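Structure at a glance
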Amino acid sequence: MSKNKAILIIDDEFIILESLRIQISGILPDSILLEAASSGDESIQLIDDFYYSGHELALVISDYHLDDAKGTDILKHAISKFPEVQKVILTGQADTEQINDFKTHYGLDGLFTKPWDFVDIKNIILPILN
Amino acid sequence: MFQLDETDTETKAFIRENLKAFKSFKTEIHNKSKTGKSYWLELYIQPIYNEKGIPEGFMAIEIDITDRIEKEQLIKSYIQEIESKQAEITVINENLEQKVSEKTRDLELSIIQIQKSQDEIVKKEKMATLGVLIAGIAHEVNTPLGAIKASADNLDYLFSTDFTRIINNLSLSDLKHALKMYAQLNLINAPSTIVQRQFAKQILQEINLHFPENENAFVLSKELAALGFENLTEELQLLLQLDSCQEIMKMIKVLLNIQRSLKTINEGAIKSSKIIKALNVYSHGTDQQEQAPFNLKDSMDNIIMLLWNKIKYHASVKNNIPENITLTGYEDELAQVWTNIMNNALQASNNKCAILIDYTDTGNEHIVSIKNDGPKIPEDVIPKIFDEFFTTKKRGEGTGLGLNIVKSIVEKHDGKITCESTELNTIFTIKLPKKMSSKKIAILAVDDERIILDSLRIQIEKSFKQEYLFELAESAEEALEVIDDLVGEGIELLLVISDYQMPGMKGDEFAATVKAKFAHLNIVLLTGQITEEKSVDLLNRNIVLKVLQKPWKEKDLLDVIHSLVANV
């Protein structure tokens, strides 16, 4: 039996996190676990929890600027536990060299700027459902 | 006959005529000697008569006047020369005047040009500051916009897809059940992610306890926690026993998500409009010609909001300015002062400093201090920080005009800016003098005798330093109208000086009427007729501040005024 899939979304702005959660939970079957986190610490904890509870982290969508971490650092941690994970950065402005550096080294499945389009989220999620 | 070669024709004709008529005459003639030398003669001719009285000859007396004539001619030529020089000078003068006025106009134009370019420099610096802020502001606005857009998409999806799918699987009684349950819930605020996970754990335990055979317990607990349930309530337990439990749950979830999406849209719109409004502190100036009052705390909060993107991660700002401080000045230019100082602190500390904004009122000055615990500004740099083109920033990061313009803006408000820096912290202190109370003060004098009013005016004028209005009324009735007008215009009526004995309403009745309407007004009664008893009564009832007997002493009146002014 294949592992239970999980998706992790991260943003320190609650209104973003909540609207993203409603968005994704609406198109997600019950079989896939959706978790939301509002800080780097929380995210690392959740990624480790997925790892030890035998979930397969299929997708991480993270804000870039967080109080205690950069979104790219969270993605790196996710890769270390789940090399196949899909990686998306959600940012308020298409900025920073760091994101491009990350993209060159680790690859990025999506770089969405706020306000983002639901279609982009669907396009990332749908392949995971199969 | 005479040599008349050099003499003009007119003179020659004159001589001939007189000779013919045998008249005596006097003239001047111009001759040339045989050597060719020119000479002038004054000539007196007298006819000579014989004994019969018939003229038979002439007697001529000649006086050489060459010297005199030559001198006269010389003087004439000098005069001519002087006149022609004067004409020249007039022309030169006229030219000069024109040139001076041209130069003056040029200078005036240059001054306007300089002022214009100074304004432009200030404007450019403002734009540069905005440019620095704009990326952060865009980020701050994009966040609520992101939430708004996602929520709108969610609503669209909920109505077009979820709703129809669920409705099809729902019986009418299930729908009623869902709506009833939803109506009783108060779960509009989604709990934080950490709290949600605690709820989920609790609910999972309870499901496992009450419904050990439920295979869906884990997902269900997550779902219920996300909806905001803390534990497995009785209603939930009843619901879980129903066959259509899943459909009803989904319906409740959709309804709740609709409500939450609407709330997010609302919050997001409020947040983004707040940020946009904050930008107003920068835009007032484009047409703000005169200094205007504004709330200092609000203005500062707006600046903090615009800098929030730099502050929120690792820095902090505490705005200790009290709520009710009103400053009069150019809000947009002062905004640049606050922005520049805070932005410098953030830049110097790599956005990792604690900024503390304090306010002190010294009575005649507003003192705003902006303190940060960032790196020390070296002692040799401090004296130069307000200089033009001085910058320690990298090329492209700063224009070197920032603090120079900050200083000029503070000085434009007649204020002073200083900077102290130690290992512990750096403090910028801005002292802005308070504007002379913009509230106008007035004194009202009421007397039916014009002469009394005039002498009051002169006495008060002599020893009153502040600007004030002196209002007159010749009757109590007129005075009541004047008071209403003054109060209506927001002018502070410092004192009413009233006569006692007037036609119509008397001074005591007038005072009582005024007091009944405006209890805080101070009234001095001027009188010759009032009884001691009545005056004590008026004073005791606090209707008048003082009763002065006519003729009053100037000092007594001014003492009253000065004590009132001191309390303004």
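Okay, so let's go over this structure. (Residues numbered from 1 in each chain as written. Chains lettered and ligands numbered in written order. Predicted model: local features only at pLDDT ≥ 70, side-chain atom pairs only at ≥ 80, totals over all residues.)

1. Here we look at the overall build of chain B
Scanning chain B from terminus to terminus reveals 17 helices and 15 strands. Across the 568 residues that make up chain B, the buried fraction comes to 27%. (Helix = DSSP H or I, 4+ residues; strand = E, 2+ residues; numbered from the N terminus. Buried ≥ 20, exposed ≤ 12 C-beta atoms within 10 Å, placed from the backbone.)

2. Quick look at helix α12 (residues 402-412) of chain B
All names here are of chain B. Along α12, the residues that are buried comprise G402, L403, I405, V406, K407, I409 and V410. Those residues of α12 hidden inside the fold are in contact with α2 (66-168), α11 (331-348), β9 (416-421) and β10 (426-433). The positive-phi residue at the C-terminal boundary of α12 is D414, with phi of around 60°. (Contact = placed C-beta atoms within 7 Å.)

3. A few points about the sheet that holds strand β11 (residues 441-446) of chain B
Residues and elements named next belong to chain B. Here we have five strands laid out as an open sheet, ordered β12-β11-β13-β14-β15, and parallel in their pairing. Lying at the two open borders of the sheet, with one neighbouring strand each, are β12 (468-473) and β15 (546-549). The sheet shows a mean angle of 20° between the axes of neighbouring strands, direction not considered. The sheet contacts of helix α17 (residues 554-566) involve β13 (492-499), β14 (523-527) and β15, and relative to β13 the element is tilted by about 160°. (Pairing = 2+ DSSP bridges. Axes fitted to C-alpha atoms, helices over the stretch in contact; angles between N-to-C directions.)

4. Topic: the environment of N404(B)
All names here are of chain B. Topologically, N404 is positioned in helix α12. Separated by 18 residues in the primary sequence, N404 and F386 have C-alpha atoms spaced 4.6 Å apart. In contact with N404, other than residues within four places in its own chain, are F386, D387 and E388.

5. Observations regarding the sheet that holds β10(B)
Residue and element names in this part refer to chain B. Overall, mixed pairing links the five strands, which are arranged β5-β7-β8-β10-β9 in an open sheet. The two strands at the open ends of the sheet, each matched to only one other strand, are β5 (316-319) and β9. Each adjacent strand pair in this sheet contributes to an overall mean axis angle of 15°, direction not counted. Pairing of β9 with β10, which is carried by six bridges, proceeds in the antiparallel orientation. In the sheet register, S421 faces β10, and the bridge partner there is T426. The strands touched by helix α9 (residues 296-306) are β5 and β7 (354-361); relative to β5, the strand with the most contacts, the crossing angle is about 170°.

6. A look at helix α5 (residues 217-227) of chain B
Residue and element names in this part refer to chain B. The element α5 is extensively covered by neighbouring structure, given that eight of its 11 residues are classed as buried. Packing partners of the buried residues in α5 comprise α4 (193-210), α6 (234-240) and α7 (245-278). Count one or two residues on from α5 and you reach G228, which has phi positive near 115°.

7. Looking at unusual backbone geometry
With the exception of glycine, the majority of residues adopt a negative phi angle, and the majority of peptide bonds are in the trans configuration. Of note, the amide linkage connecting K114(A) to P115(A) takes the cis form, showing an omega dihedral of -5°. Here the amide bond leading from K550(B) into P551(B) is cis, since omega sits at -5°, within 30 degrees of zero. Inspection of the secondary structure puts P551(B) in the loop between β15 and α17. For F22(B), which is not glycine, the phi dihedral falls at a positive 50°. Within the secondary structure, F22(B) is located in the loop between α1 (9-20) and β1 (25-32). Accessibility expressed as a C-beta count within 10 Å gives 15 for F22(B), which makes it partly exposed. A positive phi angle, near 65°, is found at N542(B), a position not held by glycine.

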